[in-house]
Amino acid sequence: MKFYFNSKNASKETTHLITAASSEKEKVNFLSVCKDTKKMLQSHPLSKDYKAGLGEVLSLTNETHKVVVFGLGDQKDLTSEKLRRNFAKVLKPLLKKNLMIDVDSFSKKHKGQKGLEILLEALMLSDYSFSKYKSKDKKDKKKESSMHILSDKLTPAKFKSSLERIEAISSSVHVCRDFVNEAPNVLHSEEYAKLIEKDVKENLKGCGVKVKILKKSEIKKEKMNLFLSVNAGSAYEPRLVHLTYTPKKANKKTKHVAVVGKGITFDTGGYSLKPSGSMIGMKFDMGGSATLYGAFRSAVLQKSKNKITCVLAMTDNAVNSLATMPDSIVKGRNGKTVEILNTDAEGRLILADALDYTCDLKPDEIIDAATLTGACLVAFGIEVCALLGNDQKMMNNLLKSAKEADEYLWQLPLIDEYRDQMKSKIADLKNIGKARMAGTATAAAFLENFIKNDISWSHLDIAGVCDSQVHLPYCPTNGASGVMVRTVSHYLMS
Ligand code: BES
Ligand code: ZN
Ligand code: ZN
């Protein structure tokens, strides 16, 4: 989709005009700046029954255009997320058309750049499909559609900066979704690392990003035995992708944030094999790494003033005669021994070593993200992401970023009782807690053991939000959502 601002040719090059109306106290108020359209709408017989309720669409035709009026409901009840979802709902079927959109008509509350950015975000996040394996869709690639943005209140400079910002964020959400949706026979650890390197070279060129990829021999040298224990049954080598972004004006005071992602390209459960029904969909078990790479990419494209390190631990969790057996005891990179009682609790094992490796880089803060526990779905469903950590101030800032991005993030407690559950009788730690209780929090209590030097740390369990988000019209109905890329990206920009 190509975007234009206040172009003289807008009317000639488009077939649809999108404008909005609000319904203050049952009285429909057409907010359109275009007087002729306003007149036409008010005098149209159909508009008599039109209440302009939130998402209520009125489609009319004038000599040149299809005019789509969409209701905003009462302005005082209109939140940024309601606006975003309704834009997506109304515009999704029109994405292949050439549109003219009257931004000033949208909202009194979300005026100017804010309203524009919500509109652009809704459009770009909705404009996604994973169709590379559909032979028909591939051939049907149509020419690019155009989107003419009209506003008397915005300047071209403001339009350009908003467009660049939302393009950075949305293209990174798309990259995350593409990785998560890719099939596990294609996106195994070796290929995944290559694809990230390729994306950095092609799309973050000249942005100040260094790429380091540790192969199996180097991971062995790092003594990341917990990570290697998960990879033991795999046909592929593990990879540790280590990206460093240094802003142009970096100095001693520059804040250094590290993000660490779980990249299990497929989770069979290992010897603690998953039942076949639960195994389907486990290609998305690398969602934490894809989400954090997306957030990193978005922040780099927006020239974050923070130094950002991105560490992604990649392997599948497969089974063969070399795979790690339950009851094994393995020493992690930080010297702590872990009794592996369930090989399906593998995410925490690869993160443990990746977190310890990252602590040695001495960042000020670490955020990890992982599709870590089924228990997260029991607690929060598919709608909410879980947050735990060791620094309330940092977590409050993350909660604030989630609010700004309109994504749901909720904190769970990390208490000594949960910490105690992760102690083993014969080793320092065990990788599962008691029964199935508080599974999301006990997993975080395990990870906490691998944070050193008093580094502030926050953990995101994205098990629920990573996959299909049917309630979000700007996410595909099926497959990866890219939810949390925007929250973490906002955080990395703050
Ligand atoms: N990748 C799964 C977590 C998961 C399960 C995410 C279902 C989304 C849906 C993880 O590796 C896992 O299997 N965790 C176990 C931990 C348990 C053995 C302590 C789980 O949640 O059942
Ligand atoms: Zn597992
Ligand atoms: Zn897993």
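Each value, and the rule that gives it
Residues numbered from 1 in each chain as written. Chains lettered and ligands numbered in written order. Predicted model: local features only at pLDDT ≥ 70, side-chain atom pairs only at ≥ 80, totals over all residues. Heavy atoms only, no water. Patch = residues over 30% accessible without salt bridge, like charges linked within 9 Å, V, L, I, M, F, W, Y side chains within 5 Å. Areas by Shrake-Rupley, 256 points an atom, 1.4 Å probe, with all protein chains shown as cover. Salt bridge = Lys/Arg side-chain N within 4 Å of Asp/Glu carboxyl O. Helix = DSSP H or I, 4+ residues; strand = E, 2+ residues; numbered from the N terminus. Donors = N, O, S within 2.8 Å, 3.2 Å for Na, K, Ca; no water. Tetrahedral: all angles 85-135°; square planar, octahedral: opposite > 155°, others 65-115°. Buried < 20%, exposed > 50% of the residue type's maximum accessible area, 1.4 Å probe, protein only. Polar contact = N/O pair within 3.5 Å; in protein donor to acceptor, adjacent residues only side chain to side chain. Core = buried A, V, L, I, M, F, W, Y, C linked by side-chain atoms within 4.5 Å. Domains from an automatic or database assignment. Contact = heavy atoms within 4.5 Å. Buried area = accessible area lost by both parts, 1.4 Å probe. Pairing = 2+ DSSP bridges. Axes fitted to C-alpha atoms, helices over the stretch in contact; angles between N-to-C directions. Phe/Tyr/Trp six-rings, centres within 6.5 Å; stacked < 30°, edge-to-face > 60°. Lys NZ or Arg CZ within 6 Å of the ring centre and 35° of its normal. Near = heavy atom within 4 Å. Nonpolar A, V, L, I, M, F, W, Y, C, P; charged D, E, K, R; others polar. Expected span 1.5 Å × (residues − 1).

A surface patch of nonpolar side chains, amounting to about 380 Å² of accessible area, comprises Tyr271, Leu273, Val319 and Met325. Along the chain, Met325 turns up in the loop between strand E11 (307-317) and strand E12 (328-331).

Our next topic: the coordination of the zinc ion (ligand 2). Distances from the zinc ion (ligand 2) to its protein donors, namely Asp267 (OD), Asp344 (O), Asp344 (OD) and Glu346 (OE), fall within the range 2.0 to 2.2 Å. Classification of the site at the zinc ion (ligand 2) rests on its 6 donor atoms, whose angles at the metal span 71 to 169 degrees, yielding the label irregular. Counting the intervening residues between successive donors of the zinc ion (ligand 2) yields the motif D-x76-D-x1-E. On the accessibility criterion, Glu346 (1% relative accessible area) is buried.

A few words on the side chain of Ser229. As for its position among the elements, Ser229 is in helix H9 (residues 225-231). Residue Ser229 is classed as buried on the basis of its relative accessible area, which comes to 9%. Separated by 2.7 Å, the side chain of Ser229 and the backbone oxygen of Leu226 make a polar contact.

Right, let's get into the coordination of the zinc ion (ligand 3). Protein-derived ligands of the zinc ion (ligand 3) are Lys262 (NZ), Asp267 (OD), Asp285 (OD) and Glu346 (OE), with the metal-ligand distances lying across 2.0 to 2.5 Å. All donors to the zinc ion (ligand 3) come from one chain, and their sequence spacing reads K-x4-D-x17-D-x60-E. In this structure, the zinc ion (ligand 3) lies 3.2 Å from the zinc ion (ligand 2), and both are coordinated by Asp267. Accessibility expressed as a relative area gives 1% for Lys262, which makes it buried.

If you look at soluble globular proteins, the nonpolar side chains tend to sit buried side by side. Membership of the largest hydrophobic core comes to 89 residues, with the highest contact counts inside it found for Phe3, Leu91, Ile149, Ile196, Tyr293 and Phe296. Top contributing element to this core by residue count: helix H6 (residues 156-181), with 9 residues. Residue assignment places this core across two domains, with domain 1 (2-129 + 144-153) and domain 2 (169-493) each supplying three or more. Setting aside anything within four residues of it in sequence, one finds Ile149 in contact with Phe3, Tyr4, Phe5, Asn6, Ile101, Val103, Leu116, Leu119, Leu120 and Phe159. The next biggest cluster of nonpolar side chains, apart from the first, holds 42 residues, and it includes Leu228, Leu349, Ala445 and Leu447.

Moving on, we come to the domain arrangement of the chain. Each assigned domain of the chain is listed here: domain 1 (2-129 + 144-153) and domain 2 (169-493). With centres defined by C-alpha atoms, the gap from domain 1 to domain 2 works out at 39 Å. Each partner contributes residues to the interface: domain 1 has 14 residues there, and domain 2 has 17 residues. In total, about 1400 Å² of surface goes out of reach between domain 1 and domain 2, with carbon and sulfur atoms giving 52% of it.

Across the sheet, 8 strands lie side by side as E8-E9-E11-E10-E14-E18-E15-E16; this open sheet has mixed pairing. Looking at the sheet topology across the chains shown, the edges are occupied by strand E8 (209-214) and strand E16 (409-411). Across the sheet, the mean angle separating the axes of adjacent strands is 20 degrees when strand polarity is ignored. In the sheet, strand E14 (residues 365-370) pairs with strand E18 (residues 456-461) via 6 bridges, with the strands oriented parallel. Bridge pairing in E18 places Ile366 opposite Trp457. Of the strands in this sheet, E8, strand E9 (239-245), strand E10 (256-267), E11 and E14 touch helix H11 (residues 287-301), which is tilted by about 145 degrees from E10. Seen against the sheet, helix H14 (residues 392-405) touches E14, strand E15 (385-389), E16 and E18 and runs at an angle of roughly 155 degrees to E16.

The next subject is the packing of aromatic side chains. Here the structure, examined in full by the defined rule, presents 9 aromatic pairs. Between the aromatic rings of Phe87 and Phe106, the centroid separation amounts to 4.6 Å while the plane-to-plane angle is 75 degrees, which identifies the pairing as edge-to-face. In this pair, Phe87 sits in helix H3 (residues 80-91) while Phe106 sits in the loop between strand E6 (99-102) and helix H4 (112-126), placing the two residues 19 residues apart along the sequence. For the pair formed by Phe87 and Phe106, the shared burial category is buried. Among the aromatic residues, ring-to-ring pairing joins Phe179, Tyr192, Tyr293 and Phe296 into one connected group. Residue placement shows Arg177 over the ring face of Tyr128; its charged tip is 5.2 Å from the ring centre.

Moving on to the site of ligand 1. Taken together, the neighbourhood of ligand 1 is formed by 18 residues, with Lys274, Asp285, Asp344, Glu346 and Gly374 sitting nearest. Note that an oxygen atom of ligand 1 is positioned 2.7 Å from one of the backbone N or O atoms of Gly374. Contact with the protein chains hides 83% of the accessible area of ligand 1, taken as 510 Å² for the molecule alone. A per-class count over the shell around ligand 1 returns 6 nonpolar, 4 polar and 8 charged.

Mapped onto the elements of the fold, Leu409 is located in strand E16. Sequence-wise, Leu409 and Met484 are 75 residues apart; in three dimensions their C-alpha atoms are separated by 8.7 Å. Apart from residues lying up to four places away in sequence, Leu409 is in contact with Val384, Cys385, Ala386, Leu387, Leu398, Leu399, Ala402, Leu460 and Met484.

With 13 residues, helix H12 (residues 347-359) extends 18 Å between its outermost C-alpha atoms, agreeing within 8% with the 18 Å of an ideal straight helix rising 1.5 Å per residue. With 13 of 13 residues buried, H12 is to be regarded as a mostly interior element.

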